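# Close look at the chain arrangement
One letter stands for each residue in the lines below.
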Amino acid sequence: MKTRFPNLIRHLSILAVSTLIISLSSCSSNSEIPLETNYYLLNNEYIAKKSLNINKTVVVEVRELPAYLHQPHLVMQLNTHQLHYARFDMWAEPLQSGFTKALINELNLNNKNIQFVTDEFQLNDDNVNKLVVRVDYFHPSTASKVILSGVFWRENNQEQYIVQQPFFFELLLNEDGYTHAVVQMRQLVSEMSASVLETNY
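Residues numbered from 1 in each chain as written. Predicted model: local features only at pLDDT ≥ 70, side-chain atom pairs only at ≥ 80, totals over all residues. Heavy atoms only, no water.

## With respect to the packing of aromatic side chains
Across all of its chains, the model carries four aromatic pairs by this definition. The structure contains a cluster of three or more aromatic residues connected by ring pairs, namely Phe152, Phe167 and Phe169. Sitting over the face of the ring of tyrosine 201, arginine 154 holds its NZ or CZ atom 5.7 Å from the ring centroid. (Phe/Tyr/Trp six-rings, centres within 6.5 Å; stacked < 30°, edge-to-face > 60°. Lys NZ or Arg CZ within 6 Å of the ring centre and 35° of its normal.)

If you want it as structure tokens, here you go:
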């Protein structure tokens with residue numbers, strides 16, 4: 001009996017250590033499983049609107065976005081000088097392209113006489129009307145709001161002077177998560193287009 005008892009303790013110890021190793025290995029394997037990546041579209045489905053009263057065509061050109069927006073990850077502003085890139089929340093298409101599509105859709109849906117098109121649209125008329133947009137800031141922040149700011153101007157071969165018009169829009173974030181932030185960012189594009197139409201067309 002004296003020899004069996006230590007052997008039993010030794011076997012139980014080995015069993016306990018083996019169980020612990022298996023448990024830790026399982027936890028380690030689970031922690032290495034990557035989280036699911038979420039992809040977002042800024043532009044929603046376009047509903048075409050037919051109009052027989054179009055008397056003007058305007059080419060919309062969104063100039064290159066600032067460098068911090070020229071990558072696929074969504075951006076969150078942490079403080080005045082610090083930005084954070086989301087690891088698992090990304091744009092499904094380049095933001096410059098998505099912003100251009102969203103802006104053109106809003107401009108076309110909310111006016112009856114002007115056709116807004118991308119710069120891919122080839123116009124035969126030498127007297128081309130352009131709406132040029134430069135975006136400086138477009139992101140959510142930890143201050144529970146999203147902002148959109150920059151400048152826009154109109155270009156025409158017959159105009160000698162170009163007047164830049166600054167814009168700034170912001171909306172509160174009432175929910176957590178990037179999904180709600182993207183919805184609010186899309187709403188900012190809508191508000192900007194309304195302002196452009198009201199003051200220039």
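Moving on from the coordinates now.
## Quick look at the pattern of salt bridges
The tally for this structure, following the rule as stated, stands at seven salt bridges. Between arginine 186 and glutamate 106 there is a salt bridge, and its shortest N-O distance comes to 3.1 Å. One end of the pair, arginine 186, is in helix H3 (residues 178-200); the other, glutamate 106, is in helix H2 (residues 95-109), and 80 residues separate them in sequence. Pair check on accessibility: arginine 186 and glutamate 106 agree, each one buried. Across the salt bridge formed by aspartate 136 and arginine 134, the nearest N and O atoms sit 3.0 Å from each other. (Salt bridge = Lys/Arg side-chain N within 4 Å of Asp/Glu carboxyl O. Helix = DSSP H or I, 4+ residues; strand = E, 2+ residues; numbered from the N terminus. Buried < 20%, exposed > 50% of the residue type's maximum accessible area, 1.4 Å probe, protein only.)

## Some remarks on the environment of glutamine 115
Structurally, the position occupied by glutamine 115 is in strand E5 (residues 114-118). Setting aside residues no more than four positions away along its own chain, glutamine 115 makes contact with Ile54, Lys56, Thr57, Val58 and Asn108. At 3.1 Å, the side chain of glutamine 115 forms a polar contact with the side chain of threonine 57. (Contact = heavy atoms within 4.5 Å. Polar contact = N/O pair within 3.5 Å; in protein donor to acceptor, adjacent residues only side chain to side chain.)

## Some details on the nonpolar core
In this structure, Phe99, Phe116, Leu131, Val133, Phe138 and Met192 are the most contacted members of the largest nonpolar core, which totals 41 residues. In this view, methionine 192 contacts Phe99, Leu103, Val133, Leu148, Phe167 and Phe169; residues no more than four positions away in its chain are not counted. (Core = buried A, V, L, I, M, F, W, Y, C linked by side-chain atoms within 4.5 Å.)

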